[in-house]
Amino acid sequence: MPETPENWSSRTLAAQAMGKVDAATKAVVPPIHIATTFLRDPDNQYRSGNVYGRPDNETVREAESIIAMLEDAKAAIVLGSGMSAAVAVFLALKPGDHIVAPKVMYWALRNWLLNDAAEWGLVTEFVDTSDLEAVRAAIVPGKTRLVWLETPSNPLWSITDIAGVSEIAHRAGARVVVDSTGATPILTRPLAFGADIVMHSATKYLNGHSDVLAGALATRTEDEFWARIKRVRAIQGLILGPFEAFLLIRGMRTLSLRVKAACESAMDLATRFSNHAHIAEVLYPGLTSHPGHALAARQMTGGFGGMLSIRLRGGEKQAIGAAAGVRLWKRATSLGGVESLLEHRASIEGAGSPCPLDLLRLSTGVEDVNDLFADLDRAIRDAAAQG
Ligand code: PLP
(Lines give C-alpha, C1' and ligand atoms only; values in the text may rest on other atoms or scores of the structure.)
Protein backbone atom coordinates (compact mmCIF):
# COMPACT_ATOMS: atom_id res chain seq x y z
CA MET A 1 0.00 0.00 0.00
CA PRO A 2 1.30 3.49 -0.81
CA GLU A 3 2.58 5.62 2.08
CA THR A 4 0.04 8.13 3.38
CA PRO A 5 0.80 10.84 5.94
CA GLU A 6 -2.10 9.94 8.24
CA ASN A 7 -4.09 6.86 9.02
CA TRP A 8 -6.95 7.96 6.79
CA SER A 9 -9.64 5.48 5.81
CA SER A 10 -9.89 4.01 2.31
CA ARG A 11 -13.10 5.99 1.76
CA THR A 12 -11.25 9.22 2.53
CA LEU A 13 -8.28 8.34 0.34
CA ALA A 14 -10.45 7.22 -2.59
CA ALA A 15 -12.64 10.37 -2.38
CA GLN A 16 -9.53 12.49 -2.95
CA ALA A 17 -7.88 10.05 -5.38
CA MET A 18 -5.02 9.72 -2.84
CA GLY A 19 -4.93 13.52 -2.42
CA LYS A 20 -2.77 14.00 -5.50
CA VAL A 21 -2.47 17.64 -6.60
CA ASP A 22 -0.76 18.74 -9.84
CA ALA A 23 2.62 20.18 -8.85
CA ALA A 24 2.79 22.74 -11.69
CA THR A 25 -0.73 24.24 -11.50
CA LYS A 26 -1.98 23.12 -8.04
CA ALA A 27 -5.04 21.66 -9.76
CA VAL A 28 -6.85 19.27 -7.39
CA VAL A 29 -7.65 17.03 -10.33
CA PRO A 30 -4.36 15.91 -11.86
CA PRO A 31 -4.02 16.20 -15.66
CA ILE A 32 -4.50 13.23 -17.95
CA HIS A 33 -1.11 12.04 -19.22
CA ILE A 34 -1.40 11.03 -22.85
CA ALA A 35 2.22 10.87 -24.06
CA THR A 36 3.34 7.54 -25.46
CA THR A 37 7.06 8.37 -25.33
CA PHE A 38 9.38 10.19 -22.92
CA LEU A 39 12.60 12.21 -23.13
CA ARG A 40 15.86 10.49 -22.27
CA ASP A 41 18.31 12.27 -19.97
CA PRO A 42 21.44 13.59 -21.75
CA ASP A 43 23.47 10.71 -20.28
CA ASN A 44 21.05 8.27 -21.93
CA GLN A 45 19.20 7.37 -18.67
CA TYR A 46 15.43 7.40 -18.07
CA ARG A 47 15.38 8.81 -14.53
CA SER A 48 11.69 9.78 -14.70
CA GLY A 49 10.82 6.08 -14.65
CA ASN A 50 8.97 6.48 -17.95
CA VAL A 51 10.24 5.02 -21.21
CA TYR A 52 7.29 4.14 -23.44
CA GLY A 53 3.49 4.09 -23.22
CA ARG A 54 3.00 0.34 -23.38
CA PRO A 55 4.32 -0.18 -19.85
CA ASP A 56 4.38 3.45 -18.56
CA ASN A 57 1.61 5.94 -17.93
CA GLU A 58 1.23 8.25 -14.94
CA THR A 59 -2.59 8.46 -15.07
CA VAL A 60 -2.71 4.67 -15.10
CA ARG A 61 -0.36 4.61 -12.11
CA GLU A 62 -2.67 6.99 -10.23
CA ALA A 63 -5.59 4.60 -10.79
CA GLU A 64 -3.40 1.68 -9.70
CA SER A 65 -2.35 3.36 -6.47
CA ILE A 66 -6.03 3.80 -5.51
CA ILE A 67 -6.82 0.14 -6.25
CA ALA A 68 -3.74 -1.04 -4.31
CA MET A 69 -4.88 1.10 -1.38
CA LEU A 70 -8.48 -0.19 -1.57
CA GLU A 71 -7.32 -3.82 -1.61
CA ASP A 72 -4.50 -3.27 0.90
CA ALA A 73 -2.22 -4.73 -1.76
CA LYS A 74 1.49 -4.42 -2.35
CA ALA A 75 0.86 -3.36 -5.97
CA ALA A 76 -1.86 -3.18 -8.60
CA ILE A 77 -2.07 -2.95 -12.39
CA VAL A 78 -4.97 -1.91 -14.60
CA LEU A 79 -5.69 -3.39 -18.00
CA GLY A 80 -8.04 -2.83 -20.93
CA SER A 81 -10.84 -5.05 -19.58
CA GLY A 82 -11.69 -7.52 -16.85
CA MET A 83 -11.15 -10.32 -19.36
CA SER A 84 -7.69 -9.06 -20.27
CA ALA A 85 -6.83 -8.94 -16.55
CA ALA A 86 -7.98 -12.53 -16.04
CA VAL A 87 -6.33 -13.81 -19.21
CA ALA A 88 -3.03 -12.10 -18.26
CA VAL A 89 -2.99 -14.19 -15.07
CA PHE A 90 -3.52 -17.45 -16.97
CA LEU A 91 -0.97 -16.56 -19.65
CA ALA A 92 1.60 -16.12 -16.87
CA LEU A 93 1.24 -19.85 -16.17
CA LYS A 94 3.13 -22.47 -18.18
CA PRO A 95 1.82 -25.13 -20.58
CA GLY A 96 0.83 -28.25 -18.65
CA ASP A 97 -0.09 -26.31 -15.50
CA HIS A 98 -3.27 -27.45 -13.78
CA ILE A 99 -5.98 -24.98 -12.73
CA VAL A 100 -8.96 -25.42 -10.42
CA ALA A 101 -11.87 -23.07 -11.19
CA PRO A 102 -15.49 -22.73 -10.07
CA LYS A 103 -18.40 -24.37 -11.87
CA VAL A 104 -20.31 -21.11 -11.39
CA MET A 105 -18.23 -18.21 -12.65
CA TYR A 106 -18.25 -15.42 -15.23
CA TRP A 107 -19.35 -17.32 -18.36
CA ALA A 108 -16.94 -15.79 -20.90
CA LEU A 109 -13.94 -16.66 -18.75
CA ARG A 110 -15.27 -20.18 -18.19
CA ASN A 111 -15.60 -20.60 -21.96
CA TRP A 112 -12.09 -19.22 -22.53
CA LEU A 113 -10.65 -21.69 -20.01
CA LEU A 114 -12.63 -24.55 -21.55
CA ASN A 115 -11.62 -23.80 -25.14
CA ASP A 116 -8.72 -21.38 -25.73
CA ALA A 117 -6.70 -22.02 -22.56
CA ALA A 118 -6.88 -25.73 -23.23
CA GLU A 119 -5.25 -25.11 -26.62
CA TRP A 120 -2.41 -23.29 -24.84
CA GLY A 121 -1.83 -26.44 -22.75
CA LEU A 122 -3.57 -25.32 -19.56
CA VAL A 123 -5.75 -27.96 -17.93
CA THR A 124 -8.74 -26.72 -15.92
CA GLU A 125 -10.92 -28.68 -13.56
CA PHE A 126 -14.24 -27.05 -12.67
CA VAL A 127 -15.56 -27.76 -9.18
CA ASP A 128 -18.08 -26.40 -6.71
CA THR A 129 -15.62 -24.12 -4.88
CA SER A 130 -18.15 -23.46 -2.10
CA ASP A 131 -17.40 -27.08 -1.08
CA LEU A 132 -13.92 -27.18 0.51
CA GLU A 133 -13.72 -30.96 0.20
CA ALA A 134 -14.39 -30.72 -3.54
CA VAL A 135 -11.57 -28.17 -3.85
CA ARG A 136 -9.23 -30.37 -1.83
CA ALA A 137 -10.04 -33.37 -4.02
CA ALA A 138 -9.51 -31.41 -7.26
CA ILE A 139 -6.06 -30.07 -6.35
CA VAL A 140 -3.17 -32.16 -7.63
CA PRO A 141 -0.13 -31.39 -5.43
CA GLY A 142 2.86 -30.32 -7.51
CA LYS A 143 0.72 -29.88 -10.63
CA THR A 144 -2.07 -27.47 -9.63
CA ARG A 145 -0.54 -24.00 -9.88
CA LEU A 146 -3.61 -21.83 -9.56
CA VAL A 147 -7.02 -21.92 -7.90
CA TRP A 148 -9.39 -19.36 -9.39
CA LEU A 149 -12.30 -18.19 -7.26
CA GLU A 150 -15.23 -15.87 -7.78
CA THR A 151 -17.29 -14.86 -4.75
CA PRO A 152 -20.16 -14.03 -4.79
CA SER A 153 -20.24 -15.91 -8.09
CA ASN A 154 -22.09 -14.79 -11.15
CA PRO A 155 -25.07 -15.35 -11.64
CA LEU A 156 -26.14 -17.60 -8.73
CA TRP A 157 -24.26 -15.58 -6.08
CA SER A 158 -22.86 -18.60 -4.26
CA ILE A 159 -20.17 -17.86 -1.68
CA THR A 160 -16.69 -19.40 -1.45
CA ASP A 161 -14.58 -19.47 1.70
CA ILE A 162 -11.44 -17.61 0.56
CA ALA A 163 -9.47 -18.37 3.73
CA GLY A 164 -10.42 -22.07 3.63
CA VAL A 165 -9.47 -22.49 -0.04
CA SER A 166 -6.26 -20.46 0.40
CA GLU A 167 -5.10 -22.74 3.19
CA ILE A 168 -5.74 -25.88 1.11
CA ALA A 169 -4.19 -24.40 -2.05
CA HIS A 170 -1.09 -23.02 -0.35
CA ARG A 171 -0.39 -26.33 1.33
CA ALA A 172 -0.32 -27.88 -2.16
CA GLY A 173 1.88 -25.10 -3.57
CA ALA A 174 -0.88 -23.41 -5.62
CA ARG A 175 -1.72 -19.71 -5.80
CA VAL A 176 -5.23 -18.36 -5.20
CA VAL A 177 -6.67 -15.63 -7.40
CA VAL A 178 -10.10 -14.16 -6.60
CA ASP A 179 -12.42 -12.43 -9.06
CA SER A 180 -13.90 -10.01 -6.54
CA THR A 181 -15.88 -7.94 -9.05
CA GLY A 182 -19.20 -8.55 -7.29
CA ALA A 183 -17.86 -8.00 -3.77
CA THR A 184 -15.79 -4.87 -4.50
CA PRO A 185 -12.99 -3.89 -2.08
CA ILE A 186 -15.61 -2.13 0.02
CA LEU A 187 -17.22 -5.43 1.08
CA THR A 188 -14.35 -7.97 0.90
CA ARG A 189 -10.57 -7.74 0.76
CA PRO A 190 -9.56 -11.19 -0.52
CA LEU A 191 -5.84 -10.66 0.21
CA ALA A 192 -6.67 -10.29 3.90
CA PHE A 193 -8.22 -13.79 3.76
CA GLY A 194 -5.05 -15.29 2.29
CA ALA A 195 -5.58 -14.91 -1.47
CA ASP A 196 -2.49 -14.07 -3.50
CA ILE A 197 -4.04 -11.89 -6.20
CA VAL A 198 -7.41 -10.15 -6.52
CA MET A 199 -8.97 -9.39 -9.88
CA HIS A 200 -11.76 -6.97 -10.82
CA SER A 201 -13.71 -6.21 -13.89
CA ALA A 202 -13.26 -2.49 -13.18
CA THR A 203 -15.92 -1.97 -15.85
CA LYS A 204 -18.39 -2.71 -13.04
CA TYR A 205 -18.43 -1.18 -9.55
CA LEU A 206 -14.94 0.34 -9.52
CA ASN A 207 -15.81 2.66 -12.39
CA GLY A 208 -19.52 2.47 -11.71
CA HIS A 209 -20.93 4.50 -14.61
CA SER A 210 -21.12 2.01 -17.51
CA ASP A 211 -18.77 4.13 -19.59
CA VAL A 212 -15.35 2.48 -19.17
CA LEU A 213 -14.11 -1.00 -19.99
CA ALA A 214 -11.28 -1.86 -17.60
CA GLY A 215 -9.74 -4.60 -15.52
CA ALA A 216 -7.57 -4.62 -12.41
CA LEU A 217 -5.21 -6.99 -10.61
CA ALA A 218 -3.81 -6.40 -7.12
CA THR A 219 -1.16 -8.56 -5.46
CA ARG A 220 -0.03 -9.46 -1.96
CA THR A 221 3.58 -9.91 -3.04
CA GLU A 222 5.60 -8.60 -5.95
CA ASP A 223 7.04 -12.02 -6.74
CA GLU A 224 8.21 -13.71 -9.95
CA PHE A 225 4.62 -14.62 -10.93
CA TRP A 226 3.55 -10.97 -10.62
CA ALA A 227 6.51 -9.97 -12.79
CA ARG A 228 5.33 -12.47 -15.44
CA ILE A 229 1.81 -10.99 -15.36
CA LYS A 230 3.21 -7.46 -15.78
CA ARG A 231 5.29 -8.71 -18.68
CA VAL A 232 2.19 -10.15 -20.38
CA ARG A 233 0.52 -6.75 -20.04
CA ALA A 234 3.53 -4.86 -21.34
CA ILE A 235 4.31 -7.17 -24.26
CA GLN A 236 0.71 -7.54 -25.41
CA GLY A 237 -0.20 -3.89 -24.89
CA LEU A 238 -3.02 -4.69 -22.48
CA ILE A 239 -2.56 -1.47 -20.47
CA LEU A 240 -5.63 0.71 -19.90
CA GLY A 241 -5.77 3.90 -21.96
CA PRO A 242 -5.16 7.19 -20.09
CA PHE A 243 -8.65 8.64 -20.70
CA GLU A 244 -10.24 5.46 -19.37
CA ALA A 245 -7.85 5.52 -16.39
CA PHE A 246 -8.96 9.10 -15.65
CA LEU A 247 -12.65 8.12 -15.76
CA LEU A 248 -11.91 5.10 -13.56
CA ILE A 249 -10.24 7.37 -10.99
CA ARG A 250 -13.28 9.65 -11.04
CA GLY A 251 -15.58 6.66 -10.56
CA MET A 252 -13.59 5.30 -7.63
CA ARG A 253 -13.93 8.61 -5.75
CA THR A 254 -17.56 7.64 -4.99
CA LEU A 255 -17.14 3.85 -4.81
CA SER A 256 -18.05 3.46 -1.15
CA LEU A 257 -21.20 5.60 -1.48
CA ARG A 258 -22.41 3.75 -4.58
CA VAL A 259 -21.72 0.29 -3.15
CA LYS A 260 -23.47 1.14 0.10
CA ALA A 261 -26.57 2.36 -1.78
CA ALA A 262 -26.58 -0.70 -4.08
CA CYS A 263 -26.27 -3.09 -1.12
CA GLU A 264 -29.13 -1.44 0.77
CA SER A 265 -31.42 -1.58 -2.27
CA ALA A 266 -30.45 -5.16 -3.15
CA MET A 267 -31.22 -6.30 0.41
CA ASP A 268 -34.54 -4.49 0.36
CA LEU A 269 -35.52 -5.94 -3.04
CA ALA A 270 -34.38 -9.45 -2.06
CA THR A 271 -36.56 -9.31 1.05
CA ARG A 272 -39.62 -7.98 -0.80
CA PHE A 273 -39.25 -10.42 -3.72
CA SER A 274 -38.87 -13.35 -1.29
CA ASN A 275 -42.54 -12.91 -0.49
CA HIS A 276 -43.70 -12.39 -4.06
CA ALA A 277 -46.52 -14.55 -5.47
CA HIS A 278 -44.82 -15.05 -8.84
CA ILE A 279 -41.24 -15.56 -7.66
CA ALA A 280 -40.10 -19.07 -6.77
CA GLU A 281 -36.68 -18.17 -5.36
CA VAL A 282 -34.45 -15.18 -4.66
CA LEU A 283 -30.71 -15.79 -4.81
CA TYR A 284 -28.98 -13.25 -2.58
CA PRO A 285 -26.32 -13.96 0.06
CA GLY A 286 -27.88 -11.39 2.38
CA LEU A 287 -30.93 -13.59 2.93
CA THR A 288 -30.66 -16.01 5.87
CA SER A 289 -32.17 -18.67 3.59
CA HIS A 290 -29.13 -18.47 1.25
CA PRO A 291 -26.77 -21.47 1.78
CA GLY A 292 -23.74 -19.16 1.88
CA HIS A 293 -25.27 -16.57 4.22
CA ALA A 294 -23.29 -17.39 7.38
CA LEU A 295 -20.01 -17.43 5.46
CA ALA A 296 -20.91 -14.23 3.61
CA ALA A 297 -21.67 -12.56 6.94
CA ARG A 298 -18.10 -13.38 8.07
CA GLN A 299 -16.36 -12.63 4.79
CA MET A 300 -18.27 -9.54 3.66
CA THR A 301 -18.34 -6.33 5.69
CA GLY A 302 -20.97 -3.64 5.30
CA GLY A 303 -23.33 -5.47 2.96
CA PHE A 304 -23.88 -8.46 0.71
CA GLY A 305 -23.47 -6.77 -2.65
CA GLY A 306 -25.70 -5.10 -5.19
CA MET A 307 -26.34 -8.25 -7.25
CA LEU A 308 -29.21 -10.69 -6.88
CA SER A 309 -31.12 -13.09 -9.08
CA ILE A 310 -34.79 -14.04 -9.06
CA ARG A 311 -36.41 -17.21 -10.42
CA LEU A 312 -39.88 -16.84 -11.86
CA ARG A 313 -42.57 -19.40 -11.00
CA GLY A 314 -43.85 -19.15 -14.57
CA GLY A 315 -40.50 -20.31 -16.04
CA GLU A 316 -38.46 -18.97 -18.95
CA LYS A 317 -41.37 -17.39 -20.83
CA GLN A 318 -42.42 -15.31 -17.84
CA ALA A 319 -38.83 -14.37 -17.06
CA ILE A 320 -38.32 -13.03 -20.58
CA GLY A 321 -41.80 -11.47 -20.46
CA ALA A 322 -41.04 -9.66 -17.21
CA ALA A 323 -37.75 -8.37 -18.63
CA ALA A 324 -39.62 -7.11 -21.68
CA GLY A 325 -42.08 -5.15 -19.51
CA VAL A 326 -39.74 -3.01 -17.40
CA ARG A 327 -39.61 0.74 -17.95
CA LEU A 328 -37.15 1.94 -15.29
CA TRP A 329 -34.77 -1.05 -15.10
CA LYS A 330 -32.59 -1.23 -18.19
CA ARG A 331 -32.65 -4.54 -20.09
CA ALA A 332 -28.92 -4.89 -20.63
CA THR A 333 -25.93 -7.02 -19.79
CA SER A 334 -23.23 -5.89 -17.30
CA LEU A 335 -23.53 -4.75 -13.71
CA GLY A 336 -22.25 -2.38 -11.06
CA GLY A 337 -23.35 0.93 -12.62
CA VAL A 338 -25.46 3.68 -11.09
CA GLU A 339 -28.38 2.62 -13.29
CA SER A 340 -30.16 -0.65 -12.45
CA LEU A 341 -29.81 -3.40 -15.05
CA LEU A 342 -31.67 -6.63 -15.54
CA GLU A 343 -30.96 -9.57 -17.79
CA HIS A 344 -32.31 -12.97 -18.77
CA ARG A 345 -28.94 -14.51 -18.11
CA ALA A 346 -29.36 -17.94 -19.73
CA SER A 347 -29.92 -16.22 -23.10
CA ILE A 348 -26.41 -14.76 -23.02
CA GLU A 349 -24.58 -17.68 -21.40
CA GLY A 350 -25.85 -20.29 -23.87
CA ALA A 351 -25.23 -24.04 -23.81
CA GLY A 352 -23.31 -25.48 -20.86
CA SER A 353 -24.36 -22.67 -18.50
CA PRO A 354 -25.41 -23.63 -14.97
CA CYS A 355 -27.88 -20.72 -15.09
CA PRO A 356 -31.56 -21.81 -14.88
CA LEU A 357 -33.85 -20.70 -17.72
CA ASP A 358 -36.30 -19.01 -15.34
CA LEU A 359 -33.65 -16.67 -13.87
CA LEU A 360 -33.38 -12.90 -14.16
CA ARG A 361 -30.15 -11.30 -12.95
CA LEU A 362 -30.56 -7.91 -11.27
CA SER A 363 -27.87 -5.27 -10.76
CA THR A 364 -29.23 -2.62 -8.42
CA GLY A 365 -28.06 0.91 -9.02
CA VAL A 366 -28.57 3.99 -6.90
CA GLU A 367 -32.17 4.90 -7.86
CA ASP A 368 -34.99 5.07 -5.31
CA VAL A 369 -35.62 1.45 -4.29
CA ASN A 370 -39.40 1.98 -4.19
CA ASP A 371 -39.35 2.96 -7.87
CA LEU A 372 -37.23 -0.10 -8.68
CA PHE A 373 -39.57 -2.43 -6.82
CA ALA A 374 -42.73 -0.94 -8.32
CA ASP A 375 -41.39 -1.17 -11.89
CA LEU A 376 -40.28 -4.80 -11.68
CA ASP A 377 -43.27 -5.90 -9.61
CA ARG A 378 -45.62 -4.51 -12.28
CA ALA A 379 -43.63 -6.11 -15.11
CA ILE A 380 -43.66 -9.50 -13.33
CA ARG A 381 -47.42 -9.30 -12.64
CA ASP A 382 -48.14 -8.29 -16.24
CA ALA A 383 -46.06 -11.20 -17.56
CA ALA A 384 -47.84 -13.62 -15.20
CA ALA A 385 -51.26 -12.30 -16.29
CA GLN A 386 -50.33 -12.99 -19.91
CA GLY A 387 -49.59 -16.61 -18.89
N1 PLP B 1 -15.68 -11.07 -14.02
C2 PLP B 1 -16.97 -10.85 -13.74
C3 PLP B 1 -17.55 -11.34 -12.45
C4 PLP B 1 -17.78 -10.17 -14.67
O5 PLP B 1 -19.08 -9.95 -14.39
C6 PLP B 1 -17.21 -9.72 -15.88
C7 PLP B 1 -18.03 -9.03 -16.91
O8 PLP B 1 -19.24 -9.07 -16.89
C9 PLP B 1 -15.87 -9.99 -16.13
C10 PLP B 1 -15.12 -10.65 -15.18
C11 PLP B 1 -15.21 -9.55 -17.41
O12 PLP B 1 -15.00 -8.17 -17.36
P13 PLP B 1 -14.94 -7.21 -18.67
O14 PLP B 1 -16.31 -7.22 -19.28
O15 PLP B 1 -14.52 -5.91 -18.09
O16 PLP B 1 -13.92 -7.80 -19.59
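Before reading further, recall that the structure is shown in the block above.
The model shown is predicted, which means the values in this text are computed figures rather than measured ones.

J.: Residue-level account of the side chain of Asp-56, with values.
T.: Tracing the sequence through the fold places Asp-56 in the loop between helix H1 (10–15) and helix H2 (58–71). Side-chain polar atoms of Asp-56 contact the backbone nitrogen of Val-51, separated by 2.7 Å. When residues no more than four places from it in sequence are discounted, the contact partners of Asp-56 are Phe-38, Gly-49, Asn-50, Val-51, Arg-61 and Ile-239.

J.: Summarise the pattern of salt bridges; cite the residues concerned and give the values.
T.: Taken as a whole and judged by the stated rule, the model has 22 salt bridges. Across the pair Arg-61 and Asp-56 runs a salt bridge whose closest N-O atoms are separated by 3.1 Å. According to the relative accessible area criterion, Asp-56 is buried, its value standing at 10%. Across the pair Arg-381 and Asp-377 runs a salt bridge, and its minimum N-O distance is 2.8 Å. With Arg-381 and Asp-377 both in helix H14 (residues 369–385), this residue pair falls four residues apart, about one helical turn.

J.: Before we move on, can you summarise the site of the ligand with the specific residues and values?
T.: Neighbouring the ligand are 14 residues, the closest being Gly-82, Met-83, Asp-179, Ser-201 and Thr-203. Met-83 is positioned such that a nitrogen or oxygen atom in its backbone is 2.8 Å from an oxygen atom of the ligand. Take Thr-203: an N or O atom from its side chain is 2.6 Å from an oxygen atom of the ligand. Computed on the free molecule, the ligand has an accessible area of 390 Å², of which 90% lies beneath the protein chains in the complex. Counting residues per element, the ones that place at least two in the shell around the ligand are helix H3 (82–91) and strand S6 (197–201).

J.: Describe in detail the nonpolar core, supporting the description with residues and values.
T.: With 88 residues, the main nonpolar core has Leu-248, Phe-273 and Ile-310 as its most contacted residues. No other element matches helix H10 (residues 255–274), which puts eight residues into this core. Here this core spans two domains, since at least three of its residues come from each of domain 1 (5–252) and domain 2 (255–385). Setting aside anything within four residues of it in sequence, one finds Phe-273 in contact with Ile-279, Val-282, Ile-310, Leu-362, Phe-373, Leu-376 and Ile-380. In this structure, Leu-79, Leu-113, Ile-229 and Val-232 belong to the second largest nonpolar core, which totals 31 residues.

J.: Describe helix H6 (residues 162–171), with residues and values.
T.: For H6, the complete set of buried residues consists of Ile-162, Gly-164, Val-165, Ser-166, Ile-168 and Ala-169. Next to the buried residues of H6 lie helix H5 (132–138), strand S4 (144–150), strand S5 (175–179) and helix H11 (293–299). With its phi angle positive at about 80°, Gly-173 sits one or two positions after the end of H6.

J.: Any chance you could break down the sheet that holds S4 for me, citing the residues and the numbers?
T.: In spatial order, the strands read S1-S7-S6-S5-S4-S2-S3; together these seven strands make up an open sheet with mixed pairing. The sheet is open, and its two edges are formed by strand S1 (75–79) and strand S3 (123–127), each paired on a single side. Taking each pair of neighbouring strands and ignoring which way they run, the sheet shows an average axis angle of 20°. Of the strand pairs in this sheet, strand S2 (residues 98–102) and S3 are connected by five bridges, and their pairing is parallel. The residue of S3 that forms the bridge with Val-100 is Glu-125.

J.: An account of unusual backbone geometry is needed here, citing residue identities and associated values.
T.: With an omega of -10°, the peptide bond running from Thr-151 to Pro-152 counts as cis. Checked against the element boundaries, Pro-152 lands in the loop between S4 and H6. Residue Pro-155 is bonded to the preceding Asn-154 through a cis peptide linkage, with omega at 5°. Take Pro-155: it is sitting in the loop between S4 and H6. A positive phi angle is found at Ser-210, which is not glycine, with a value near 50°. With respect to the helices and strands, Ser-210 occurs in the loop between S6 and strand S7 (215–219). At Ser-334, a residue that is not glycine, the phi angle is positive and equals roughly 85°. For Ser-334, the position within the fold is in the loop between strand S10 (330–331) and strand S11 (341–344).

J.: Now, about a nonpolar patch on the surface: what can you tell me, with residues and values included?
T.: Where nonpolar side chains cluster on the molecular surface, the patch consists of Val-21, Val-28 and Val-29 and spans about 250 Å² of accessible area. The residue Val-28 is located in the loop between H1 and H2 in this model.

J.: Report on the environment of Val-123, specifying residues and quantitative values.
T.: Along the chain, Val-123 turns up in strand S3. Taking the C-alpha atoms as reference points, Val-123 and Lys-143, 20 residues apart in sequence, are found 9.9 Å from one another. Dropping the residues within four chain positions of it, Val-123 is found in contact with Asp-97, His-98 and Ile-99.

J.: I'd like a rundown of H3, residues and numbers included.
T.: Counting buried residues along H3, eight of its ten residues qualify, which places the element largely inside the surrounding structure. All of the buried residues in H3 are Gly-82, Ser-84, Ala-85, Ala-86, Val-87, Ala-88, Val-89 and Phe-90. Looking at where H3 begins, the residue whose side-chain oxygen comes 3.4 Å from the main-chain nitrogen of Met-83 is Ser-81.

J.: I'd like a rundown of the sheet that holds S10, residues and numbers included.
T.: The five strands lie next to each other as S8-S9-S12-S11-S10, forming an open sheet whose pairing is mixed. On the outer flanks of this sheet lie strand S8 (279–283) and S10, each paired with one strand and no other. Bridge count between S10 and S11: two bridges; the pairing is parallel. Its bridge partner being in S11, Lys-330 is matched across the sheet by Leu-341. Along the sheet, helix H12 (residues 315–325) contacts strand S9 (307–312), S10, S11 and strand S12 (359–363); its crossing angle with S11, the most-contacted strand, is approximately 150°.

What counts, and at which threshold
Residues numbered from 1 in each chain as written. Predicted model: local features only at pLDDT ≥ 70, side-chain atom pairs only at ≥ 80, totals over all residues. Heavy atoms only, no water. Helix = DSSP H or I, 4+ residues; strand = E, 2+ residues; numbered from the N terminus. Polar contact = N/O pair within 3.5 Å; in protein donor to acceptor, adjacent residues only side chain to side chain. Contact = heavy atoms within 4.5 Å. Salt bridge = Lys/Arg side-chain N within 4 Å of Asp/Glu carboxyl O. Buried < 20%, exposed > 50% of the residue type's maximum accessible area, 1.4 Å probe, protein only. Near = heavy atom within 4 Å. Areas by Shrake-Rupley, 256 points an atom, 1.4 Å probe, with all protein chains shown as cover. Core = buried A, V, L, I, M, F, W, Y, C linked by side-chain atoms within 4.5 Å. Domains from an automatic or database assignment. Pairing = 2+ DSSP bridges. Axes fitted to C-alpha atoms, helices over the stretch in contact; angles between N-to-C directions. Patch = residues over 30% accessible without salt bridge, like charges linked within 9 Å, V, L, I, M, F, W, Y side chains within 5 Å.

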